[in-house]
Protein chains: 2
Amino acid sequence: MADPIDFYFDFSSPYAYLTVFRVDALAARHGRSVNWRPYLLGIAARTTGIPPLAEIPMINDYTARDVPRCARALNVPFAWPTPFPVAAVAASRAYYWLHDRDPDQAKAVAVGLFSAYFAEGRDIGAPEVVVDVAAFAGVDRASLTDALASAPVKERLRRETEQAVARGVFGSPFFIVDGESFWGSDRMEQMERWLASGGW
Amino acid sequence: MADPIDFYFDFSSPYAYLTVFRVDALAARHGRSVNWRPYLLGIAARTTGIPPLAEIPMINDYTARDVPRCARALNVPFAWPTPFPVAAVAASRAYYWLHDRDPDQAKAVAVGLFSAYFAEGRDIGAPEVVVDVAAFAGVDRASLTDALASAPVKERLRRETEQAVARGVFGSPFFIVDGESFWGSDRMEQMERWLASGGW
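The paragraphs below set out a description of the structure included in this document. (Residues numbered from 1 in each chain as written. Chains lettered and ligands numbered in written order. Predicted model: local features only at pLDDT ≥ 70, side-chain atom pairs only at ≥ 80, totals over all residues. Heavy atoms only, no water.)

1. Topic: unusual backbone geometry
One can expect most non-glycine residues to show negative phi and most peptide bonds to be in trans.
Then step 1. Residue Pro83 of chain B is reached from Thr82 of chain B by a cis peptide bond, and omega for that bond is -5 degrees.
Then step 2. With respect to the helices and strands, the residue Pro83 of chain B is situated in the loop between helix 4 (57–74) and helix 5 (89–99).
Then step 3. Residue Pro173 of chain B follows Ser172 of chain B across a cis peptide bond; omega there is 0 degrees.
Then step 4. The residue Pro173 of chain B is located in the loop between helix 9 (151–166) and strand 3 (174–177) in this model.
Then step 5. A positive phi angle, close to 55 degrees, is found at Asn75 of chain A, a residue other than glycine. (Helix = DSSP H or I, 4+ residues; strand = E, 2+ residues; numbered from the N terminus.)

Rendered as C-alpha cells:
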C-alpha cells in the first residue's frame, strides 16, 4: 500500500479545522491513509522564526473575515471562539496518548476537539475540557488525566514538534505526501490532483 | 455600474502573475471592471512589518515547488526567473504613467511585464527591459524613459504604496471589492462567489 499522508496541524488553527472533516475521505479515494500529527505551532515558531500568520494583527484582521467565508463555502459550522488562540498542549498530548492505544478513537476525539472549539466555543486549552470531549467518545477520564501529566507523553509531543520543524513544516494545516508538501486548506484540491496523477 | 475591483500586486510576485490572465474576465462576468494597482510590497513591509512571505527561507523552499505546481494546474507557462525577487520600481512607475494616458495599454504592458519575467526570465528590475516590453506594445521609448525618472511619477508610486498599506493591503495579489478583501491567487473562486451572490 502507498505511504500515508502526514497531516500536521495545531488544534488552535481554524484553517486546520476546515480540513478535518474531509482529509481522510480525500486520501481514501486514492488508496491512502492519513497520519494525523498535531504539533505546537507557537513552539515551532521559536525555531522557524515564522509566527502563526493569523496572529499578526494586520493578517488577523483579514483572517477574521476569511475563515468564516471559507467555512460557509464548505458548509462547515464556525464561530470565532474565545479565547483565541489557545495553547493546544493538552489536546495534542491527549491525541498522541490515544493514538498509541486506538488510532480511530484518537481521530474521533481530535475531530471532537476541533468541533468543540470552533463550532461550540468551548475552551480546549483547558485540560478538563479536553478530558470531557474525550470522555464523550468513550475514553476513561482518570487514565487520560494521568496521561496528560506524564513525562513520556510530554516528551512525545515535544519530539513531534521538533520533527515537524526538521521536516520543513511551518504552518497549519500542512500535508506531506511522498516528499511533496502542501500548505493550507486551500491546497487540498492540488494534493488530490497530485495523488490522482502520481505527481505532475 | 457597480464599483470596480481594486487589484493590488507587486510585479515581482509569482502568485500575482498567476491571476493576471483571468482577473478582468472574472470581473466582467459580474459586470465589474478592475483597477490594477501595482505597489511595492518590500516598501510596504517597512510599515506593516510583514515581509513578503515568499522571501522567508523556509516558506521560500515551499513556494519553490508550490508556484510551479499552481502554474501547471492553471496551464500558465512558468519558470523561476533570475534574479528573484526584483525591485519593481520601474515596472510600477511605467504602469501608472501609462494608465493615465491609456488604461488598456497599461494593462497590456503589465501583462507583458509579468510574462517577460515569469515566462521568459527577463529581468524586469532593469528600466531598459521595462522600456523594451512597453515599446513592443507601442509605447514611445523616449517618453517612457523620461517618465520613469520624473518626480510626479515617482511620487505617484510612493502614494499608491502608502494608500495600499492604509487600506490594510499586505500581500500580493490582494483584491478589495465593496470593502471585502481577498488575499491570494487561491481566493479568486471565493471572490467570484462573492460577486455572484452579492456577498454571503
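2. Side note on the layout of surface pockets
Then step 1. Of the volumes computed, that of the second largest pocket is approximately 570 Å³.
Then step 2. Lining the second largest pocket are 21 residues; nearest its centre among them are Asp186 and Glu189 of chain A together with Asp186, Arg187 and Glu189 of chain B.
Then step 3. Grouping the amino acids of the lining of the second largest pocket by side-chain chemistry returns eight nonpolar, four polar and nine charged. (1 Å grid on protein atoms, 1.4 Å probe; cavity = no way out; pocket = protein on both sides within 12 Å on 5 of 7 lines; lining within 4 Å. Points joined across faces, edges and corners; volume = space filled by probe spheres on them. Nonpolar A, V, L, I, M, F, W, Y, C, P; charged D, E, K, R; others polar.)

3. A word on the pairing of strand 3 (residues 174–177) of chain A
All names here are of chain A.
Then step 1. Burial of strand 3 is two-sided: the residues Phe174 and Ile176 facing one way and the residues Phe175 and Val177 facing the other way are all buried.
Then step 2. Two strands pair when backbone bridges link them, and strand 1 (residues 5–9) and strand 3 are joined in this way by three bridges, in the antiparallel orientation. Bridge assignment links Asp6 to a residue of strand 3, and that residue is Ile176.
Then step 3. Of the pairings in the sheet, the one linking strand 3 to strand 4 (residues 180–183) comprises four bridges and is antiparallel in character. Paired with Phe174 across the strands is Trp183, a residue of strand 4.
Then step 4. Connecting strand 3 to the next strand, strand 4, in antiparallel fashion are two residues, including Asp178 with a positive phi near 50 degrees. (Buried < 20%, exposed > 50% of the residue type's maximum accessible area, 1.4 Å probe, protein only. Pairing = 2+ DSSP bridges.)

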